Every structure is written in structure tokens, then in C-alpha cells.
Amino acid sequence: MTTTPDVLLLEKREGVAFLTLNRADRMNAFNMAALAALRAALDDLYVDREVRAVIVTGAGEKAFCAGADLKERAGMSPDQVRRFLKHIREALTDLENLPKPVIAAVNGIALGGGTELALACDIRLAADTATMGLTETTLAIIPGGGGTQRLPRLVGAAKAKEIMITGRQVRAEEALRIGLVDEVVPAAEVLERALAKAAEVAAGAVIAQAYIKAAVDEGTETTLSWGVDREQLYFVDVFETDDAKLGVRSFLDNGPGKATFTGQ
Ligand code: COA
């Protein structure tokens, strides 16, 4: 296990990296040290080819992440708050742009920056005890980690506005219904389920998965015609990989799902 420092744990096991926010006594809230550690860990994960899937979660049983550390913020100058915002925005963009699938295991409370952290992941699993929401208006502020942009892209503008304007908390079953999470599981099983999903992904074709991420993320920012053109270019790139050749050959020889991909 690598410790980067102990506010964030980075552990790698058989192609899967676990990023665990490790401030359980503060509901895993983000302080400046945790953001710096997150950015350093993401730099590492960006280049580490051994890591094929990432799980993001929070230490302890109660919280995934309760957003910004409001106790630290109380002592910050306006410039320090602006710096914090720059760091969280950039960290979550780095997370979103990792060229490998990222799974949020939302193991409990995920408010403000906690929901923003989950929104920057590719797949979201939630404990049945989880509570999510962009509750910043209850503090008379607004989300600052991309929430006003990523939430509407996921659940639609009207639902996103309703959630953010009221600042209400969203229970796990509603999060599933509106598409804020992809799956809800009993709290005791959320990490195990995330690991099963990550292992499934890690055993897959990593280059194709990375291109799927890029095509979807870029495509939702642009016109349909530009997006399908970009998909075509990506298809041509992916088709040239050893894995693509292996995938087709293995299908013809052995049937579906039997290939062991190399990531080349
Ligand atoms: N920043 C700093 N400390 C926080 C925190 C945050 N965002 N959220 C929780 N904590 C701390 C609490 O102050 C408390 O510390 P203490 O034991 O030293 O008093 C500890 O974590 C436990 O929280 P507590 O409020 O006692 O637990 P709870 O189960 O009653 O409520 C929350 C949990 C998360 C619902 C509640 O703490 C909360 O609403 N936090 C703020 C969340 C928020 O608005 N985030 C958006 C920030 S922009």
C-alpha cells in the first residue's frame, strides 16, 4: 500500500487501484492536503499501465465524502478559498480524464464535493444507506467542483436544478431511479461489488475502454455529427491494436468472451 500521505490511501491489487479518502473523523471531507494527495495519486494512476481500473471510496462505514472541509474553510482567506476551488476543479477533471474506468463505491454520505467526486467517476455504485446531494445552497453557496455542470448531464437539467435549488438530500433508491447511480447494494457489500465490477473491467480490453470514455465524454460536449466522425477515427485507431486482432481471432476460433487481452 502506498500512503500519499495518510489523508488518502492508494492501494493497488491485481490491476485494480483503490483510492480511499481517509479522514473518517471528518466524514472524509476534502481539505487542501487531501486534494494535493488526490492529484498526486491521479498522476501516478495516469501513467501506471498495470492499473486497469480504479475504485474511489471513503474510509469507515458512515461517509463517502462530506464535501469541502468546512472547518478548514472557516479559517481561509478568500484567496485561499479560490485556490481550494481551483484544486478541486482540477483534481476532479483529472479524475474524469483518467484513461481507464473509475468506479465510485459510494459507501455512505456523499454531499457537496462528495457527490461531485462521484459524478467525476464513470460508474457509480451506492450503498443502500448512502445519501447524496449538492446541498451547497443550504450554506448559501453553490457547488464549486463541477457539480452544476456534471449533474445536469447525468440526470437532466430540470431534475438537477430541482436538487441543487432546494439543496435537499437524495437517498440511494431515488439516486438509482434518476440515474445518479447505476446500482444500489446492501451497505456491507458495496466494496465487494465494486471490486467485482473493477475486476471484470480490468480483465477487459483497456484500450477500447479508454476510447469509449473519450468518445462519450467528448461527444456529449459537441454535435452529433462531430461526435460520430470522432467515433469513426477512434474506431480506426482501436482496430489497429493487437487486442482488436486477438479479439476477432479468438471469437472465430473459440466463441465470445474467451480472449485474454494484453493492453497492446
Ligand atoms: N467539513 C468538516 N467537518 C465535517 C464535515 C465537513 N464538510 N462534515 C462533517 N464533519 C464533521 C463534523 O463536524 C463532526 O465533527 P466533530 O465530531 O468534531 O463535531 C463529524 O464530522 C461528524 O459529523 P456529524 O455532523 O456529527 O455527523 P452527522 O451524522 O450528524 O451528520 C453530515 C453528518 C455529513 C450530514 C453533517 O455533518 C453535514 O451536514 N455536514 C456538512 C456537509 C456539507 O454541507 N457539505 C458540503 C460542503 S460545501
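The structure presented is a predicted model; accordingly, all values stated were derived computationally and were not measured.

### Side note on the pairing of strand β2 (residues 8-13)
Thought 1: Here β2 pairs with strand β3 (residues 16-21) via six bridges, running antiparallel. Across the sheet, the residue bridging to Arg13 is Val16, located in β3.
Thought 2: Taking the residues that link successive antiparallel strands as the turn, the β2-β3 hairpin has two residues, and the phi of Glu14 there is positive, at about 45°.

### Thoughts on the pattern of salt bridges
Thought 1: Going through the model one piece at a time under the given rule, you end up with 17 salt bridges.
Thought 2: In this structure, Arg26 and Asp69 form a salt bridge, with 3.0 Å as the shortest nitrogen-oxygen distance. Of this pair, Arg26 sits in the loop between β3 and α1 (32-47) while Asp69 sits in the loop between β5 (63-65) and α2 (70-74), placing them 43 residues apart in sequence.
Thought 3: Residue Arg26 is classed as partly exposed on the basis of its relative accessible area, which comes to 31%.
Thought 4: Here Arg39 and Glu90 are joined by a salt bridge, their closest N and O atoms 2.9 Å apart. Note that Arg39 is positioned in helix α1 and Glu90 in helix α3 (residues 78-96), a separation of 51 residues in sequence.
Thought 5: By relative accessible area, which is 23% here, Arg39 ends up partly exposed.
Thought 6: Through salt bridges with shared partners, a single network forms among Arg39, Lys86, Glu90 and Asp94.

### A short note on the domain arrangement of the protein
Thought 1: For the protein, the assigned domains are domain 1 (2-202) and domain 2 (206-254).
Thought 2: Placing a centre on the C-alpha atoms of domain 1 and another on those of domain 2 gives a separation of 27 Å.
Thought 3: Of the residues lining the interface, eleven residues belong to domain 1; the matching set on domain 2 comes to six residues.
Thought 4: Across the interface of domain 1 and domain 2, roughly 640 Å² is buried in total on both sides, 44% from carbon and sulfur atoms.
Thought 5: Counting across the interface, domain 1 meets domain 2 through two salt bridges.
Thought 6: Across the pair Lys213 and Asp122 runs a salt bridge, and its minimum N-O distance is 2.9 Å.
Thought 7: Taken together, the links from domain 1 to domain 2 amount to six residue pairs in polar contact (both at pLDDT 80 or more).
Thought 8: Classifying every residue of the side of domain 1 that touches domain 2 by side-chain character gives six nonpolar, no polar and five charged.

### A few points about the packing of aromatic side chains
Any pair of aromatic rings gets described here by the distance separating the centres and the angle formed by the planes.
Thought 1: Summed over the entire model, instances satisfying the criterion amount to two aromatic pairs.
Thought 2: With 5.6 Å between their ring centres and 20° between their planes, Phe235 and Phe239 make a pair best called stacked. With a gap of four residues between them, Phe235 and Phe239 both fall in helix α10 (residues 224-239), about one helical turn apart.

### Examining a negative patch on the surface
Thought 1: A cluster of acidic side chains, namely Asp128, Glu173, Glu189 and Glu192, defines a negative patch on the protein surface.
Thought 2: Of note, Glu189 is situated in the loop between β11 (183-185) and α8 (190-202).
Thought 3: Its relative accessible area of 38% is what places Glu189 among the partly exposed residues.

Rules behind the numbers
Residues numbered from 1 in each chain as written. Predicted model: local features only at pLDDT ≥ 70, side-chain atom pairs only at ≥ 80, totals over all residues. Heavy atoms only, no water. Pairing = 2+ DSSP bridges. Helix = DSSP H or I, 4+ residues; strand = E, 2+ residues; numbered from the N terminus. Salt bridge = Lys/Arg side-chain N within 4 Å of Asp/Glu carboxyl O. Buried < 20%, exposed > 50% of the residue type's maximum accessible area, 1.4 Å probe, protein only. Domains from an automatic or database assignment. Contact = heavy atoms within 4.5 Å. Buried area = accessible area lost by both parts, 1.4 Å probe. Polar contact = N/O pair within 3.5 Å; in protein donor to acceptor, adjacent residues only side chain to side chain. Nonpolar A, V, L, I, M, F, W, Y, C, P; charged D, E, K, R; others polar. Phe/Tyr/Trp six-rings, centres within 6.5 Å; stacked < 30°, edge-to-face > 60°. Patch = residues over 30% accessible without salt bridge, like charges linked within 9 Å, V, L, I, M, F, W, Y side chains within 5 Å. Areas by Shrake-Rupley, 256 points an atom, 1.4 Å probe, with all protein chains shown as cover. Lys, Arg positive; Asp, Glu negative; His and termini not counted. Charge placed at Lys NZ, Arg CZ, Asp CG, Glu CD.

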